[in-house]
Amino acid sequence: MPRKCLNLLACLFLLCAPHALSAAPQETGNPGSLPAQLPVYIVDFSQDLRRPELAREIGYLGPFTGGLIHLRLLEIPSLTVHLVQSAPSCGDSTSPAPEQRQANNPQRLSASAAPPGDFYIVHGSIETPMPDIVLNYFVDKCEGHKSIKVFQDTQPFTLDHALEEITVAAHAIAFKIERSIPPTRVTVELFQSESDPSEKKDVQAAIQREVIDRKSVV
């Protein structure tokens with residue numbers, strides 16, 4: 001892919017990302033509100049910069065990769081997604097909350113402290129043994145103060161397929177995280193009526209099966 005195309009896509013992302021981030025639903029904490037959302041922290045993807053002239057030629061793919069993954073994960077309503085400089089620690093809940101980074105992108109956090117509860121970490125690296133580019137990406141989950149490996153993969157590609165392959169990686173990461181999220185419990189209650197109790201149980205069981213089937217399809 002020509003460098004001009006990658007630069008244009010990166011500019012479009014920088015314009016759209018703040019609006020997408022501000023549109024993410026917030027936890028209210030009120031009784032009866034939706035279940036708490038699981039945080040996902042996307043750590044800045046490192047890029048092999050041993051050849052600065054090559055980095056200037058092909059562009060800096062690390063921020064672009066993290067941004068594309070960020071936009072894809074924003075489509076999952078049960079997650080809150082953050083771009084961060086460093087991964088939060090798993091198990092240190094006494095550390096202060098992450099602070100906003102005052103830099104070119106104020107949406108990116110410095111998350112060395114651990115948030116309360118479980119969370120996901122997405123991280124990776126980009127190597128450039130030209131003519132190939134190698135994308136390594138990982139998904140870890142901090143569950144019960146223990147780090148669990150959810151998914152990892154390595155994707156080699158050429159520069160002209162950069163957008164396509166990074167998009168595939170973003171979809172793979174989103175799919176694996178969705179599959180690892182605990183299922184939402186659903187309670188089905190019926191209105192009081194004069195029908196036969198056994199008939200009401202049959203209707204309730206049928207509704208529960210229908211809900212489960214629809215969730216499995218989604």
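The structure we're discussing is the one just above.
Residues numbered from 1 in each chain as written. Predicted model: local features only at pLDDT ≥ 70, side-chain atom pairs only at ≥ 80, totals over all residues. Heavy atoms only, no water.

Asks: Please clarify how the pattern of salt bridges should be interpreted in this entry.
Replies: Proximity of charged atoms lets side chains of opposite charge pair with each other. Going through the model one piece at a time under the given rule, you end up with 5 salt bridges. Between Glu53 and Arg51 there is a salt bridge, and its shortest N-O distance comes to 3.6 Å. Between Glu143 and Lys141 there is a salt bridge, and its shortest N-O distance comes to 3.5 Å. Judged by relative accessible area, which is 38%, Glu143 ranks as partly exposed. (Salt bridge = Lys/Arg side-chain N within 4 Å of Asp/Glu carboxyl O. Buried < 20%, exposed > 50% of the residue type's maximum accessible area, 1.4 Å probe, protein only.)

Asks: How should the state of the cysteines be read in this particular structure?
Replies: Here, the word disulfide means a covalent bond between the sulfur atoms of two cysteines. The full count for this structure, using the stated rule, is 1 disulfide. Here Cys90 connects covalently by a disulfide to Cys142, the sulfurs 2.0 Å from one another. Residues Cys90 and Cys142 are joined through a disulfide that is right-handed, its torsion about the S-S bond being 90 degrees. One end of the pair, Cys90, is in the loop between strand S3 (79-84) and strand S4 (99-100); the other, Cys142, is in strand S7 (residues 132-143), with 52 residues separating them in the sequence. When its relative accessible area of 28% is taken as the criterion, Cys90 is described as partly exposed. Here Cys142 falls in the buried class, since its relative accessible area comes to 3%. (Disulfide = S-S within 2.5 Å. Helix = DSSP H or I, 4+ residues; strand = E, 2+ residues; numbered from the N terminus.)

Asks: Sorry if this is basic, but what is going on with the pairing of strand S8 (residues 146-158) here?
Replies: Relative to S8, S7 runs antiparallel, the two sharing 12 bridges. Paired with Cys142 across the strands is Ser147, a residue of S8. Joining the antiparallel neighbours S7 and S8 is a turn of 2 residues, in which Gly144 adopts a positive phi near 60 degrees. (Pairing = 2+ DSSP bridges.)

Asks: So what exactly am I meant to see when it comes to helix H4 (residues 162-180) here?
Replies: Note: α-helices contain 3.6 residues per turn, so residues at a spacing of three or four share the same orientation. Counted at 1.5 Å a residue, the expected span for H4 with its 19 residues is 27 Å, and the 27 Å between its end C-alpha atoms agrees. Listing the buried residues of H4 in full gives Ala162, Glu165, Ile166, Ala169, Ala170, Ile173, Ala174 and Ile177. (Expected span 1.5 Å × (residues − 1).)

Asks: Would you explain the side chain of Arg72 in this entry?
Replies: Its location among the elements puts Arg72 in helix H3 (residues 61-73). Residues contacting Arg72, with those up to four places away along its chain left out, are Ala170, His171, Ala174 and Glu178. (Contact = heavy atoms within 4.5 Å.)

Asks: Is there a simple way to think about H3 in this case?
Replies: Between its first and last C-alpha, H3 extends 18 Å over 13 residues, near the 18 Å set by a 1.5 Å rise per residue. Counting buried positions along H3 yields 10 of 13 residues, so the element is predominantly enclosed. Listed in full, the buried residues belonging to H3 are Leu61, Gly62, Phe64, Thr65, Gly66, Gly67, Ile69, His70, Arg72 and Leu73.

Asks: Explain the environment of Tyr41 to me, please; I cannot follow it from the model alone.
Replies: Inspection of the secondary structure assignment puts Tyr41 in strand S1 (residues 38-43). Looking at Tyr41, the relative accessible area reads 6%, which means it is buried. As for Tyr41 and Ala87, which are separated by 46 residues in sequence, their C-alpha atoms are 7.0 Å apart.

Just geometry here; none of it tells us what the structure is for.
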